Amino acid sequence: MVRKQVISIAVLLMLIYTNCQTSVIAEPEIFIRFNQLGFLPKDIKSAVVLSNNKLEGKQYSIKNVRGDQSALTNSFGNNLGSFGSFNYSYRIDFSGIKSVGEYYFLFGQQKSNTFKVSESVFNGIADSLLEFFKVQRCGYTSPFLHEVCHISDAAHLIDGKRTIDRKVDVTGGWHDAGDYVKILNTTAFSTYMLLFSYDFDSSKFSSDKNRNSVPDILEEAKVGLDWMLRAYYDKYKLITQVQDLRDHDVGWRLPEKDAVGFDRPAYVGMGKNLIGIYSASMALAYRIWNNKLNYPEYANQCLTAAQNLYSIFKEAKDVDSSGSGVYLDKTFEGKMALGAIELYLATNKSNYLHDATVFADSARSDYWWSWGNINSLGHYRLGKIIPKYGDYILKNLEEFNRKKNDNLFGKGVALSWGTNVTLLGISLQNILYKKLTNDNRFDSVSVFARDYILGRNQWGISFISGFGKNSTKSFHHQIAYFKGRLPGGFSAGPATKEFVEKANIPFDKSDKYSRFQTNDSYYRDDRNDYITNEPTITGNATAIFVFGAVSK
């Protein structure tokens, strides 16, 4: 009797398996790529579909989770061509869905994960991205997920080819990325972006989780400011980098267990590029601490540092090249324009405004965004005083918008190291331009860039940890590896396959996204991939502004 029951169950399982196989074969397999979190009610809403089967004329639906009611039923349009290993690709536009709710795509029996339409759909992202900075904290700054570390920074100085037996206190600040190096250029940029975010919209960046009456974003910015004040240790000298490339050679470890933790040299340098971004951060800090936080002593300390450093710019070389060869600017004009205009806003002295216009016109449009390409910030500040400077941002957006038509996912830039940051830079510049002009012509390229970060990409992955049903897990980040999590982690994003392969990265595991890779766009969710999967303070600083600005 028992044997007959076993045989009957086996036959039944075979029938079920056969029916499933038949169903799968009969129904074309599709991959729907969309923003996994969702959309604001008035957003442009779109998805990309990949398939190896022709879908023209076949019907799909978007249904409301509540009652499984159809919000939209439509048919696939024309094939947009092959993409990677897929023979067919399609775009879906569902901008007409404006009602608040939770929805999913349905094609045959295939249901997608759900997404939301809500005014608050992006709330919480900026706060999480800010938490990443706590993980990056160094020294006695109450770091998160690790203990106090690198308490002897710096052991000695390196000035060009000279090693100087002198200690300078540059404890504190933030580790730049997944390693434990500290960089002035990226610290100054990140600090400025935190301050700029608050100054841009203090209501949206007013979160105060510890309830001490100081917005969290300003508390975090002060970690950067305090370190920058220490780094300006001589009228003509800045500490530009702490620790050399040995940091990358001693293996994965927690920062408090750093084998070279008490042997960390500091590089010395100076350049107009650094003077510009440093002065901008300090001048803006003056305005906030003086006018908003009523802390004139600290405000004046920041302003004095900004003015003193700016005063020597004519004696400094154009671009600093100290350090181990990382984060080297190509130009200085955009950062000098920003420093000058922030000093003008802080002091109302006309010489700074004059300098700002000269530098801004020389910088022109840079058609990019990164820690080294921030011309739009100076142009935005000037554009509020002299409207013509907004035209430089306009030219950037026109170029991004043109390029979006060259690829399936509407990316406005070619892929490079740190692509995700550049994409969010498109959204950032659109936000700035709309603030100046109320012109919404470039919302599509801006939204495509934002949605790409949150899942509207070929891999169907959200690049921000914990946001979306499928988000990055294995960041190239030592603390994340040992602690098993990284709040606010934001990966650098795809590069070309050739660029990644030249690095000869010894990947930690097999590629679960191999089916979706292309030569033009390659990403690995692998802890050893320092090109496409490493988070950085500059990336998070940009993302905080974008997602904070679109939150409610």
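Residues numbered from 1 in each chain as written. Predicted model: local features only at pLDDT ≥ 70, side-chain atom pairs only at ≥ 80, totals over all residues. Heavy atoms only, no water.

What is the right way to read the sheet that holds strand β14 (residues 266–269) from this model?
Strand pairing in a sheet relies on backbone hydrogen bonds. The paired strands run either parallel or antiparallel. With respect to topology, 5 strands assemble into an open sheet ordered β11-β10-β14-β13-β12, the strand pairing being mixed. Of all the strands in the sheet, just β11 (162–164) and β12 (182–183) have a single pairing partner and so form its edges. Strand direction decides the pairing type here: strand β10 (residues 157–159) and β14, joined by 2 bridges, are parallel. Bridge pairing in β14 links I158 to Y267. Lying on the sheet, helix α4 (residues 216–231) is in contact with β12 and β13 (238–242); it crosses β13 at an angle near 115 degrees. (Pairing = 2+ DSSP bridges. Helix = DSSP H or I, 4+ residues; strand = E, 2+ residues; numbered from the N terminus. Contact = heavy atoms within 4.5 Å. Axes fitted to C-alpha atoms, helices over the stretch in contact; angles between N-to-C directions.)

How should the state of the cysteines be read in this particular structure?
Here, the word disulfide means a covalent bond between the sulfur atoms of two cysteines. Applying the stated rule across the entire model yields 0 disulfides. C138 takes part in no disulfide bond, and the closest cysteine sulfur, belonging to C149, lies 3.9 Å away. (Disulfide = S-S within 2.5 Å.)

Help me understand helix α3 (residues 184–200) in this model?
Every α-helix carries 3.6 residues per turn, so stepping three or four residues along brings you back to the same face. The terminal C-alpha atoms of α3, which comprises 17 residues, lie 24 Å apart, in line with the 24 Å expected from a rise of 1.5 Å per residue. With 16 of its 17 residues buried, α3 lies for the most part within the structure. (Expected span 1.5 Å × (residues − 1). Buried < 20%, exposed > 50% of the residue type's maximum accessible area, 1.4 Å probe, protein only.)

Where do I start with the pattern of salt bridges in this structure?
A side chain with one charge can pair with a side chain of the opposite charge if their charged atoms come near. Scanning all chains against the criterion turns up 30 salt bridges. In this structure, K552 engages E119 in a salt bridge whose closest nitrogen and oxygen atoms are separated by 4.0 Å. With a gap of 433 residues between them, K552 in the segment after α15 (537–549) and E119 in the loop between β9 (115–117) and α2 (125–136) connect regions that are remote in the sequence. With relative accessibility at 59%, the residue K552 sits in the exposed group. A relative accessible area of 39% means that E119 is categorised as partly exposed. (Salt bridge = Lys/Arg side-chain N within 4 Å of Asp/Glu carboxyl O.)

What should I look at first to understand the packing of α4 against helix α5 (residues 272–291) in this one?
When two helices pack together, their arrangement is given by the angle between the helix axes and the distance between those axes. At a minimum axis distance of 11 Å, the contact between α4 and α5 shows a crossing angle of 130 degrees. In terms of axis orientation, α4 runs oblique to α5. In the crossing of α4 with α5, the sense of the turn from one axis to the other is left-handed. The segment α4 lies against α5, with L218, K222, L225, M228 and L229 engaging Y278, S281, M282, A285, I288 and W289. For the contact of α4 with α5, the class distribution of residues is 9 nonpolar, 1 polar and 1 charged. (Parallel < 35°, antiparallel > 145°, perpendicular 65-115°, else oblique. Left-handed = near helix turned anticlockwise from the far one by under 90°. Nonpolar A, V, L, I, M, F, W, Y, C, P; charged D, E, K, R; others polar.)

How do you make sense of the side chain of S51 when you look at a structure like this?
With respect to the element layout, S51 can be found in strand β3 (residues 46–51). Since its relative accessible area comes to 0%, S51 is described here as buried. With sequence-adjacent residues up to four places away left out, S51 is seen in contact with E29, I30, F86, N87 and Y88.

Looking at this structure, I do not really get the sheet that holds strand β6 (residues 88–93). What am I missing?
Spatially, β1-β3-β6 is the arrangement adopted by the 3 strands of the open sheet, whose pairing is antiparallel. The sheet is open, and its two edges are formed by β1 (30–33) and β6, each paired on a single side. Here the average twist between neighbouring strands, direction ignored, is 20 degrees. Note that β1 and β3 share 4 bridges and pair antiparallel. Note on β3: the bridge partner recorded for R33 is V48.

How should empty space enclosed by the protein be read in this particular structure?
Once rolled over the atoms, a probe with the size of a water molecule shows which space is left empty. Per the counting criterion, the structure on display carries 4 cavities of 30 Å³ or more. Computed from the structure, the largest cavity encloses a volume of approximately 100 Å³. For the largest cavity, the lining is made up of 14 residues, of which D320, S322, V326, Y327 and L328 are closest to its centre. Class assignment of the residues belonging to the lining of the largest cavity gives a composition of 6 nonpolar, 6 polar and 2 charged. (1 Å grid on protein atoms, 1.4 Å probe; cavity = no way out; pocket = protein on both sides within 12 Å on 5 of 7 lines; lining within 4 Å. Points joined across faces, edges and corners; volume = space filled by probe spheres on them.)

Please clarify how the packing of α3 against helix α11 (residues 419–437) should be interpreted in this entry.
It is the contact of α3 with α11, at a shortest axis distance of 13 Å, that shows an interaxial angle of 35 degrees. For α3 against α11, the interelement crossing comes out left-handed. Only L428, I431, L432 and K435 of α11 make contact with α3, whose side of the interface consists of M193, F196 and F200. A per-class count over the contact of α3 with α11 returns 6 nonpolar, no polar and 1 charged.

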